[in-house]
Amino acid sequence: RPRVLSGAQPTADSYHLGNYFGAFKQWVALQDEFEAFYFVPDLHAITVEYDPALLRERTYIAAAQFLAAGVDPERSALFVQSHVPEHAQLAWVLGGITGYGEASRMTQFKDKSAKGGQDVSSVGLFTYPILMAADILLYQADKVPVGEDQRQHVELTRNLAQRFNHRFGETFTVPEAHIVKATAKIYDLQDPTKKMSGSNQSHAGVVDLTDTPKQVAKKLRSAVTDSGTEISFDPVEKPGISNLLSIYSALTGESVEAIVTEFEGRQYGHLKVALGDLLAEFVGAFGDRTRELLDDRGELDRVLARGAEQASEVASTTLDLVYERSGFVRGI
Ligand code: TYM
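Residues numbered from 1 in each chain as written. Predicted model: local features only at pLDDT ≥ 70, side-chain atom pairs only at ≥ 80, totals over all residues. Heavy atoms only, no water.

### With respect to the overall build of the protein chain
Counting its secondary structure elements, the protein chain contains 13 helices and five strands. Over its C-alpha atoms the protein chain spans a radius of gyration of 21 Å, differing by no more than 12% from the 20 Å that the globule rule assigns to 332 residues. By principal-axis analysis of the C-alpha atoms, the protein chain measures approximately 75 × 45 × 40 Å. Classification of the 332 residues of the protein chain by burial places 50% in the buried group. (Helix = DSSP H or I, 4+ residues; strand = E, 2+ residues; numbered from the N terminus. Rg over C-alpha atoms; globule rule 2.2 N^0.38 Å. Buried < 20%, exposed > 50% of the residue type's maximum accessible area, 1.4 Å probe, protein only.)

Here it is in structure tokens:
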């Protein structure tokens, strides 16, 4: 079976709707057809300032939210990155074939380091995409379901795989990004020209998967809309309404056209209230499920241990091959 792999950083107390529609929903959809590996990239999370106790808690929250979203540990390996040491080991090898200039062109690093200045950014933040390439190549993944903001990192991964294969012999599967256009970039409800992100200055436009139904309804009511009155899908002229339509469509499975028809002759406010109700219900149920899962840490630990075991099997096979190809003496 072809393989799929993805992860989402445990850097907040909850994931948000952008993570859910951009990533988790695709993860869940792909786990039947693919041999799936989904993991919590805790090694990535330490590339910015962080608190160890919080990281530990957020790693559990991450695992619980993956499960609440529908990742099925019977079908997919669900694990924590640091439980599989091969990730860091392969990243080091890949670092040797990554150009400094090539790494410097990563826009996410440029954006993130722009906030505090490159001098205060960690070297880890700079080499982060190389670790991500290792995550992917270690499992010989065919597909990597992510949002639009990760496209460049998957492109780097492809280049590194091809380069290694070319220099040292066929070793890695060259992966493809799996980016579903309709939900590849969910926008902030307060500023629909910016992507929804946990690090946005205000949280008023970010719907977290742990928000209460009341909070969700309020965030939707105060969502920024556009000039004009007609509900239509036009991301350039009407980014706010278009974002709400995209979310509505992703949540219900109805096409955007059908929703536009349904709301014909009605006002922006109607759409905001209707979507607010739907999302309040969705997030409410999601929160209940997450809390339930978090109540049984023993069971979470068992799921993650089993996932790490499955992941290790594949990871150690790939790393062996890489070390062999790299010219390392293998010992006896
Ligand atoms: P991260 O943790 O920032 O985000 C997790 C996933 O959510 C997607 N996403 C969005 N999709 C649509 N609209 C949005 N507003 C939005 N915000 C976030 C992201 O594209 C991502 O798919 N580097 C990765 C984590 C990672 C990884 C990997 C992913 C580490 N190793 C290997 C895939 C494969 C990251 O920071 O995603």
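### With respect to the UniProt feature "binding site: ATP" (unreviewed entry) in the protein chain
Taking the UniProt record as the reference, the feature "binding site: ATP" (unreviewed entry) is found at Q9, P10, T11, G18, N19, G147, E148, D149 and I186. The annotated residues that sit in the lining of the second largest pocket are E148 and I186. If near-sequence neighbours (up to four positions away) are discounted, Q9 is found in contact with Y15, P41, H44, A45, K112 and Y128. For I186, the location among the structural elements is in the loop between β5 (176–178) and α9 (213–221). (UniProt positions renumbered as here; feature names shortened; annotations may be inferred. 1 Å grid on protein atoms, 1.4 Å probe; cavity = no way out; pocket = protein on both sides within 12 Å on 5 of 7 lines; lining within 4 Å. Contact = heavy atoms within 4.5 Å.)

### A few points about the nonpolar core
If you look at soluble globular proteins, the nonpolar side chains tend to sit buried side by side. F24 and F66 are the most contacted members of the largest nonpolar core, which has 58 residues in total. If sequence neighbours within four positions are ignored, F24 has contacts with A8, Y15, N19, F66, A69 and L209. Counting residues in each nonpolar core, the second largest holds 43 residues, with V93, L94, M132 and L156 among its members. (Core = buried A, V, L, I, M, F, W, Y, C linked by side-chain atoms within 4.5 Å.)

### Focus on the pairing of strand β2 (residues 35–40)
Summarising burial for β2: five of the six residues are buried, a large majority. Summarising the sheet, strand β1 (residues 3–7) and β2 pair through five bridges and their orientation is parallel. Paired with V4 across the strands is A36, a residue of β2. Chirality of the crossover, the property in question, places the unit of β1, helix α1 (residues 17–30) and β2 among those that are right-handed. In the sheet, β2 pairs with strand β3 (residues 76–80) via five bridges, with the strands oriented parallel. Looking at the pairing, V40 lines up with V80 of β3. (Pairing = 2+ DSSP bridges. Right-handed = clockwise from strand over helix to strand, strands pointing away.)

### Examining empty space enclosed by the protein
Applying the stated rule across the entire model yields one cavity of 30 Å³ or more. There is about 50 Å³ of room inside the largest cavity. Lining the largest cavity, in full, are Q108, F109, K112, L125, Y128, P129 and H153. Grouping the amino acids of the lining of the largest cavity by side-chain chemistry returns four nonpolar, two polar and one charged. (Points joined across faces, edges and corners; volume = space filled by probe spheres on them. Nonpolar A, V, L, I, M, F, W, Y, C, P; charged D, E, K, R; others polar.)

### Notes on the layout of surface pockets
The volume enclosed by the second largest pocket comes to roughly 490 Å³. Residue lining of the second largest pocket: 24 residues in total, with K181, A182, T183, K185 and S246 positioned closest to the centre. The set of elements that each furnish at least two residues to the lining of the second largest pocket consists of α1 and α10 (239–252).

### Describing the site of the ligand
Lining the immediate environment of the ligand, one finds 28 residues, of which Q9, Y128, D135, G147 and D149 sit closest. Within the contact set of the ligand, a nitrogen atom lies 3.2 Å away from a backbone nitrogen or oxygen of G18. In the environment of the ligand, an oxygen atom lies 3.0 Å from a nitrogen or oxygen atom belonging to the side chain of N19. Elements with a minimum of two residues in the shell around the ligand: β1, α1 and α7 (123–138). Of the residues in the shell around the ligand, the class split is 13 nonpolar, eleven polar and four charged. (Near = heavy atom within 4 Å. Polar contact = N/O pair within 3.5 Å; in protein donor to acceptor, adjacent residues only side chain to side chain.)

### A short note on helix α13 (residues 297–326)
Spanning 30 residues, α13 covers 40 Å between terminal C-alpha atoms, matching the ideal 44 Å at 1.5 Å per step. Along its length, α13 shows its largest kink, about 25 degrees, at S312. By the burial criterion, the buried members of α13 are L300, V303, L304, G307, A308, A311, V314, A315, T318, L319, V322 and Y323. Once α13 finishes, G327 follows within two positions and takes phi at roughly 95 degrees, a positive value. (Expected span 1.5 Å × (residues − 1). Bend = angle between axes of the 7 residues up to and from the residue.)

### A closer look at the confidence of the model for the protein chain
Here the protein chain shows a mean pLDDT of 96. Residues at 70 or above account for 99%. As a predicted assembly, this complex carries a pTM of 0.97 together with an ipTM value of 0.99. (pLDDT = per-residue confidence, 0-100.)

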